[in-house]
Amino acid sequence: MVANLSDPPLLQTIDRNNNTLINPTPNTMTTKELILQKLDLVPEPVLRAILKLLDAYPTPRRQWSPHFFERTAGAWQGEKLVRAPQETQPERPLFD
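Described below are features of the structure shown in this document. (Residues numbered from 1 in each chain as written. Predicted model: local features only at pLDDT ≥ 70, side-chain atom pairs only at ≥ 80, totals over all residues. Heavy atoms only, no water.)

1. Description of the pattern of salt bridges
Step number 1: Inspection of every chain in the model, using the stated rule, returns one salt bridge.
Step number 2: Across the pair arginine 48 and glutamate 44 runs a salt bridge whose closest N-O atoms are separated by 3.6 Å. You can see arginine 48 and its partner glutamate 44 sitting in helix H2 (residues 44-56), four residues apart, about one turn around the helix.
Step number 3: Judged by relative accessible area, arginine 48 falls into the partly exposed class, the value being 47%. (Salt bridge = Lys/Arg side-chain N within 4 Å of Asp/Glu carboxyl O. Helix = DSSP H or I, 4+ residues; strand = E, 2+ residues; numbered from the N terminus. Buried < 20%, exposed > 50% of the residue type's maximum accessible area, 1.4 Å probe, protein only.)

2. So, unusual backbone geometry
Step number 1: In this structure, histidine 67 is a non-glycine residue whose phi angle is positive, near 65°.
Step number 2: Of note, histidine 67 is situated in the loop between H2 and helix H3 (68-72).

3. Points about the packing of aromatic side chains
Step number 1: Applying the stated rule across the entire model yields three aromatic pairs.
Step number 2: Grouping aromatic residues by their ring pairs yields a cluster made of Trp64, Phe68 and Phe69. (Phe/Tyr/Trp six-rings, centres within 6.5 Å; stacked < 30°, edge-to-face > 60°.)

Structure representation (structure tokens):
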């Protein structure tokens, strides 16, 4: 995602390699690049709060390995599996 031109202006940051000011243009940087650039300016308590938010963000679920089902379909060697009869469920009240 690229930063929106209507975003607030960037703070100038110092290139620590040669002690020069960096003034990137927001329309050429991704949101991730903008965040990484500003991290040095953020106080530690705020960084801890951001880390808690990131830790709470759901990670992508693991996927089945390629060809998993093709390799395992029909591999059951035990007795035949039979689904038990399903009992009648009570009717639930309707929502208003």
